[in-house]
Amino acid sequence: MTLSSLFDLHGKTALVTGCRRGIGKAMAEALAEAGADIIGVSASQETSGSEVEKAVTALGRSFRGYAVDFAHRPAVYDFLKRLTEEAPPIDILVNNAGTILRKPAAEHPDEYWDTVVETNLTAQFVLAREIGRGMVERGRGKIIFTASLLTFQGGLNVPSYAASKGAIGQLTKALSNEWASKGVNVNAIAPGYIATDNTAPLRADATRSRQILDRIPAGRWGVPEDLKGPVVFLASPASDYLHGEILVVDGGWMGR
């Protein structure tokens, strides 16, 4: 196998959640650039005419869009039923959808906890279980979770988010332990501080933004495009012997 073929995704179908903007959009575009057709799923995803669809189809790949509220479990099951009826088998699952709600732990309400954990963890497990079952039966597949620096650290004022992302790290390892021998790679990407909607409050806080930037050896906030190479690597044959890993893409944050 040549080096270029190691990263070739032609003939593959990738499902990317949370792909309407930010990291998920960059990941969907990267997978399309590598040759994959894309199924894009977000809470507010347009079924046609979205910016991510335009980017994917401009690359000569097909795009299907679905709007799914990941905080509502029946909606996730309804989507999976439609997926089985309307789409080809999924070769690559990128479980990227997520949300964050900020309040100190002593003021963090049940509603915040339930919404964040349902979206960031439970929905992602349901998708991985149901789609992963087909991968196991076919003897091949790639599952990629979006973890976080808070998979390793506790953060401030985001206990539900930290708990959900810590659990994603363990879920990655648990599924990998069961499915590695079945030809299914399960890994995760842990982005550092990336300039997206989720981090807008941090970047708007001059003091906190400077504290964060001072700790990043690379000297800058990340951008969604920094995740393009890692997601293609984990989705491609280049990572066939990589199982249960959490690839940290953080400008060196965790090394400090």
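Report on the accompanying structure. (Residues numbered from 1 in each chain as written. Predicted model: local features only at pLDDT ≥ 70, side-chain atom pairs only at ≥ 80, totals over all residues. Heavy atoms only, no water.)

**Things to note about the pattern of salt bridges**
This is how it is decided: Salt bridges are defined as contacts in which a side-chain nitrogen from Lys or Arg sits within 4 Å of a carboxyl oxygen from Asp or Glu. The helix count covers DSSP runs of H or I at least four residues long, the strand count covers runs of E at least two residues long, and both are numbered beginning at the N terminus. Relative accessible area decides the class of each residue, using a 1.4 Å probe on protein chains only: under 20% of the type maximum gives buried, over 50% gives exposed, and in between gives partly exposed.
As enumerated under the stated definition, the model contains 15 salt bridges in all. Among the ionic pairs, Asp-197 bridges to Arg-21, the shortest N-O distance being 2.6 Å. Of this pair, Asp-197 sits in the loop between strand 6 (184–191) and helix 7 (200–204) while Arg-21 sits in the loop between strand 1 (13–17) and helix 2 (22–33); the two residues are 176 residues apart in sequence, bridging distant segments of the chain. Overall, Arg-21 belongs to the partly exposed group, its relative accessible area being 46%.

**Observations concerning the packing of aromatic side chains**
Counted only if it meets this: Only Phe, Tyr and Trp rings are paired, with Trp represented by its six-membered ring, and only when their centres lie within 6.5 Å; those with planes under 30 degrees apart are stacked, over 60 edge-to-face, the remainder tilted. In this scheme, Lys NZ or Arg CZ marks a charge over a ring once it lies within 6 Å of the ring centre and within 35 degrees of the ring normal.
According to the stated counting rule, one finds 3 aromatic pairs in the structure shown. Look at Tyr-193 and Trp-221: their rings are 5.7 Å apart centre to centre, the planes differ by 80°, and that puts the pair in the edge-to-face class. Of this pair, Tyr-193 sits in the loop between strand 6 and helix 7 while Trp-221 sits in the loop between helix 8 (206–215) and helix 9 (228–235), and the two are 28 residues apart along the sequence. Considered together, Tyr-193 and Trp-221 belong to a single accessibility category, that of buried residues. Summarising the aromatic geometry, the rings of Tyr-193 and Trp-253 are spaced 4.8 Å apart at their centres and angled 55° between planes, so their arrangement reads as tilted. Taken together, the residues span a long stretch of sequence, with Tyr-193 in the loop between strand 6 and helix 7 and Trp-253 in the segment after strand 7 (246–249) at a distance of 60 residues. When its relative accessible area of 15% is taken as the criterion, Tyr-193 is described as buried. An aromatic cluster is defined as three or more aromatic residues linked by ring pairs; in this entry it consists of Tyr-193, Trp-221 and Trp-253. Over the ring of Trp-221 we find Arg-203; its NZ or CZ atom is 6.0 Å from the centre of that ring.

**Considering the nonpolar core**
Side chains of nonpolar character tend, in soluble globular proteins, to be buried together. Convention followed: What we call a nonpolar core is a set of buried Ala, Val, Leu, Ile, Met, Phe, Trp, Tyr and Cys residues that are connected through their side-chain atoms within 4.5 Å. By definition, residues are in contact when any of their heavy atoms lie within 4.5 Å.
With 33 residues, the main nonpolar core has Leu-15, Phe-79, Leu-83, Ile-131 and Phe-145 as its most contacted residues. For this core, the secondary structure elements donating two or more residues are strand 2 (37–42), helix 4 (73–86), helix 5 (110–138), strand 5 (141–146), helix 6 (159–179) and strand 6. Top element by residues in this core is helix 5. It accounts for 6 residues. Excluding residues that lie within four positions of it along the chain, Ile-131 makes contacts with Leu-15, Leu-80, Leu-83, Ile-90 and Leu-93.

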